[in-house]
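Coordinate analysis (summary)
Residue-level listing of the chains:
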Amino acid sequence: MATGTGTQADPYVVTTWAELAQVFPTAGYIELGNDIQAPDNTANLSSGMATLKVLDGKGHSIFGLYTASIT
């Protein structure tokens, strides 16, 4: 389970794709706790972009992630 509350002072820290997918739609602030590999059949995460304020990799990467263009 991701730690934190999703606020600027206490961002969610995620270490797996499942944790990221769980908190992404509602989190304002997210940090990566390690590199994350998105599954081959990755769902589009652009629906959470309206609430996401900061995604801080802290030196880590998300591999295989894509977003749809927003028009």
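See above for the structure.
Described in the following lines is the structure provided in the data block. Everything numeric here is computed off the predicted structure, so don't read it as measured data. (Residues numbered from 1 in each chain as written. Predicted model: local features only at pLDDT ≥ 70, side-chain atom pairs only at ≥ 80, totals over all residues. Heavy atoms only, no water.)

Observations regarding the overall build of the chain
Broken down by element type, the chain carries one helix and five strands. Counting from the amino terminus, the chain carries its helices and strands in the arrangement β-α-β-β-β-β. For the chain, the proportion of its 71 residues judged to be buried stands at 32%. In the chain, of all internal contacts separated by at least 6 residues, the share reaching a separation of at least 24 is 41%. A total of about 4,300 Å² of accessible surface is found on the chain, and carbon and sulfur atoms cover 53% of it. (Helix = DSSP H or I, 4+ residues; strand = E, 2+ residues; numbered from the N terminus. Buried < 20%, exposed > 50% of the residue type's maximum accessible area, 1.4 Å probe, protein only. Contact = heavy atoms within 4.5 Å. Areas by Shrake-Rupley, 256 points an atom, 1.4 Å probe, with all protein chains shown as cover.)

Describing the sheet that holds strand 2 (residues 29-32)
The three strands are arranged 1-2-4 in an open sheet whose pairing can be described as parallel. Both outer strands of the open sheet, strand 1 (12-14) and strand 4 (54-56), are each paired with one neighbouring strand and no more. Looking at each pair of strands side by side, their axes are set apart by 20 degrees on average, direction ignored. (Pairing = 2+ DSSP bridges. Axes fitted to C-alpha atoms, helices over the stretch in contact; angles between N-to-C directions.)

Observations concerning the nonpolar core
Core analysis: the largest hydrophobic core is formed by 14 residues, its most contacted members being Y12, V14, W17, L20, V23 and I30. Every element with two or more residues in this core is listed here: strand 1, helix 1 (17-23) and strand 2. It is helix 1 that contributes the most residues to this core, three residues altogether. Discounting chain neighbours no more than four positions away, the residues touching I30 are P11, Y12, V14, L20, V23, F24, L52, V54, L55 and D56. (Core = buried A, V, L, I, M, F, W, Y, C linked by side-chain atoms within 4.5 Å.)

Structural notes on unusual backbone geometry
Phi is positive for K58, which is not a glycine, with a value near 50 degrees. Relative to the helices and strands, K58 is located in the loop between strand 4 and strand 5 (62-63). Of the residues examined, K58 reaches a relative accessible area of 47% and is grouped as partly exposed.

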